[in-house]
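Structural overview for review
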Protein chains: 2
Amino acid sequence: MTAESVQEPHAAAQCAAVPGAVLDGPVSHAISRVARLHRIAAGRVLRDLGLHPGQEFLMMHLWDSGAVRQSELIKAVGLDPSTVTKMLQRLEQSGHVRRRPDPADRRASLVEATDASCGLLVEVRRAWGELERQTLDGLDAAERAELTRLLGKVESALCTEVIRGGAAECDAAGTAE
Amino acid sequence: MTAESVQEPHAAAQCAAVPGAVLDGPVSHAISRVARLHRIAAGRVLRDLGLHPGQEFLMMHLWDSGAVRQSELIKAVGLDPSTVTKMLQRLEQSGHVRRRPDPADRRASLVEATDASCGLLVEVRRAWGELERQTLDGLDAAERAELTRLLGKVESALCTEVIRGGAAECDAAGTAE
DNA sequence: CATTTTACTTTGGTCGGCCAAGTAATGAGG
DNA sequence: CCTCATTACTTGGCCGACCAAAGTAAAATG
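Below is a short write-up of the structure.

The rules we used
Residues numbered from 1 in each chain as written. Chains lettered and ligands numbered in written order. Predicted model: local features only at pLDDT ≥ 70, side-chain atom pairs only at ≥ 80, totals over all residues. Heavy atoms only, no water. 1 Å grid on protein atoms, 1.4 Å probe; cavity = no way out; pocket = protein on both sides within 12 Å on 5 of 7 lines; lining within 4 Å. Points joined across faces, edges and corners; volume = space filled by probe spheres on them. Nonpolar A, V, L, I, M, F, W, Y, C, P; charged D, E, K, R; others polar. Pairing = 2+ DSSP bridges. Helix = DSSP H or I, 4+ residues; strand = E, 2+ residues; numbered from the N terminus. Near = heavy atom within 4 Å. Polar contact = N/O pair within 3.5 Å; in protein donor to acceptor, adjacent residues only side chain to side chain. Contact = heavy atoms within 4.5 Å. Axes fitted to C-alpha atoms, helices over the stretch in contact; angles between N-to-C directions. Salt bridge = Lys/Arg side-chain N within 4 Å of Asp/Glu carboxyl O. Buried < 20%, exposed > 50% of the residue type's maximum accessible area, 1.4 Å probe, protein only. Left-handed = near helix turned anticlockwise from the far one by under 90°.

Some words on empty space enclosed by the protein
Residue and element names in this part refer to chain A.
- Evaluation of the coordinates by the stated rule reveals 2 cavities of 30 Å³ or more.
- In this structure, the second largest cavity encloses a volume near 30 Å³.
- Taken together, Ala 42, Val 45, Leu 46, Glu 56, Ala 127, Trp 128 and Leu 131 make up the lining of the second largest cavity.
- Residue composition of the lining of the second largest cavity, grouped by class: 6 nonpolar, no polar and 1 charged.

Side note on the pairing of strand S2 (residues 97-102) of chain B
All names here are of chain B.
- As paired strands, S2 and strand S3 (residues 105-113) are joined by 6 bridges and run antiparallel to one another. Its bridge partner being in S3, Pro 101 is matched across the sheet by Ser 109.
- Between S2 and S3, which pair antiparallel one after the other, the connecting turn spans 2 residues.

Quick look at the protein's contact with DNA strand C
- Lining the immediate environment of DNA strand C, one finds 28 residues, of which Ser 82 of chain A together with Arg 36, Ser 71, Lys 86 and Gln 89 of chain B sit closest.
- Between a phosphate oxygen of DNA strand C and a side-chain N or O atom of Gln 55 of chain A, the distance comes to 3.1 Å.
- Between DNA strand C and Ser 82 of chain A there is a distance of 2.7 Å, counted from a base nitrogen to a side-chain nitrogen or oxygen.
- Taken together, the residues that form the surface near DNA strand C break down as 6 nonpolar, 10 polar and 12 charged.

A closer look at the sheet that holds strand S1 (residues 68-69) of chain B
All names here are of chain B.
- Spatially, S1-S3-S2 is the arrangement adopted by the 3 strands of the open sheet, whose pairing is antiparallel. With partners counted over all chains shown, the strands left at the sheet margins are S1 and S2, one partner each.
- Here S1 runs beside S3; their pairing, made up of 2 bridges, is antiparallel. Within the sheet, the bridge partner assigned to Val 68 lies in S3 and is Val 111.

Things to note about the sheet that holds strand S2 (residues 97-102) of chain A
Residue and element names in this part refer to chain A.
- Strand order in the open sheet formed by 3 strands is S1-S3-S2, and the pairing between neighbours is antiparallel. Each of the sheet's edge strands pairs with one partner strand only, and the pair in question is strand S1 (68-69) and S2.
- Packing against the sheet, helix H4 (residues 81-93) makes contact with S2 and strand S3 (105-113), and its axis sits at approximately 120° to S2.

Some remarks on the pattern of salt bridges
- Applying the stated criterion across every chain yields a total of 17 salt bridges over all chains.
- Notably, a salt bridge pairs Arg 33 of chain A with Glu 155 of chain B, separated by 2.8 Å at the nearest N-O pair. In this pair, Arg 33 of chain A is assigned in helix H1 (residues 27-47) and Glu 155 of chain B in helix H6 (residues 141-164), connecting two distinct chains.
- We classify Glu 155 of chain B as buried; its relative accessible area is 6%.
- Residues Glu 143 of chain B and Lys 153 of chain A are paired through a salt bridge, measuring 3.5 Å at the closest nitrogen-oxygen approach. In this pair, Glu 143 of chain B sits in helix H6 while Lys 153 of chain A sits in helix H6 (residues 141-164), so the two residues belong to two different chains.

Considering helix H2 (residues 55-65) of chain A
- Of all 11 residues making up H2 of chain A, 9 are buried, and the element is well covered by its neighbours.
- Just downstream of H2 of chain A lies Gly 66 of chain A, where phi reads positive at about 70°.

Details of the packing of helix H1 (residues 27-47) of chain B against helix H5 (residues 115-136) of chain B
Residues and elements named next belong to chain B.
- H5 packs onto H1 with a crossing angle of 145° between their chain directions and a minimal axis gap of 10 Å. Note on packing geometry: the crossing formed by H1 with H5 is right-handed. Each of His 38, Ala 41, Ala 42, Val 45 and Leu 46 in H1 lies in contact with H5, whose residues at this interface are Ala 127, Glu 130, Leu 131, Gln 134 and Thr 135.
- Of the residues belonging to the contact of H1 with H5, the class tally is 6 nonpolar, 3 polar and 1 charged.

Structural measurements only, silent on function.
Have a look at this one:
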């Protein structure tokens with residue numbers, strides 16, 4: 001008895017008679033997997049700082065650009081407006097960000113990093129460096145440059161497709177080494 | 001381009017006297033951006049099929065492997081168990097998946113794709129091909145191979161770091177060709 | 001045989017992220 | 001001056017994804 005292993009496909013299992021390995025072909029999955037691992041690593045590095053993954057990205061923009069109109073920030077990070085709104089609400093509640101209405105345009109609001117948040121800057125920088133180190137560990141300079149170049153091409157290709165579908169514009173980012 | 005400065009930093013803006021471009025250096029962000037765009041493109045391609053991005057991945061595994069123990073599925077996709085549980089609940093409610101308790105192990109459950117879902121297989125395959133085409137548009141064969149290789153290295157590097165941090169095991173998917 | 005440890009899954013909570021609608025203020029025409 | 005489209009942001013809903021903790025059943029150990 002011992003009902004070993006699973007039962008064989010009983011109901012409707014084998015729709016396709018494809019043996020296996022339908023999954024490892026596309027580069028798409030490699031991207032997804034890498035992104036997921038990268039996010040986990042980022043979360044681990046940022047946890048001690050009290051930031052959730054994604055927030056550092058926003059904060060970096062704010063630290064970098066000073067007080068900005070929220071719409072500018074949204075365009076800069078390329079995320080959905082509603083996403084940025086919610087993230088800012090949480091960051092404001094955490095005391096990392098302050099928002100005030102724009103005197104020049106009452107429907108807009110200006111966003112800026114608080115003084116208290118500035119202490120995080122160096123730590124976030126360090127965390128990012130650490131993350132970058134973890135990510136690119138095992139790649140030499142040439143490989144890193146090539147990876148950057150290829151990702152840039154993929155990004156612009158996807159961007160073209162995405163805007164064709166009706167979304168907003170993408171920032172064709174950069175080149176550079 | 002992209003708009004020049006709005007107002008100058010007024011209150012507490014310049015924590016760091018760093019002029020700009022703190023953001024385009026790391027490859028990390030390229031990965032995040034590409035992954036995000038890729039996800040959006042996937043969502044667009046899958047919407048007509050009634051699937052949300054991520055579900056196809058699970059379904060592909062199920063179509064490929066027949067009835068499997070849920071734990072096996074979890075290990076295969078490498079996601080968090082709770083994530084898989086919730087996704088399966090939704091897929092079950094959508095009629096794409098069926099779950100039954102494993103007779104051999106009463107705490108486990110067997111998962112399989114339903115008959116109805118099989119009609120989606122070919123469409124998902126087509127959608128994936130389309131997505132792959134969109135993603136790699138503009139890269140020649142050598143570049144694609146190189147990108148795959150580099151992503152593989154990054155994945156294994158990140159994997160090592162992640163497991164070091166205490167998480168589960170990663171599938172070092174090293175499918176070279 | 002009782003107890004502890006391990007494995008399989010689920011629940012609850014929180015966040016990032018998208019879309020689709022909705023609100024409020026600005027600006028262009030009639 | 002009043003209407004209408006546009007811009008700027010918010011709300012609600014939903015899903016993917018994580019973590020942490022719980023619950024249950026099997027296995028290992030005494």
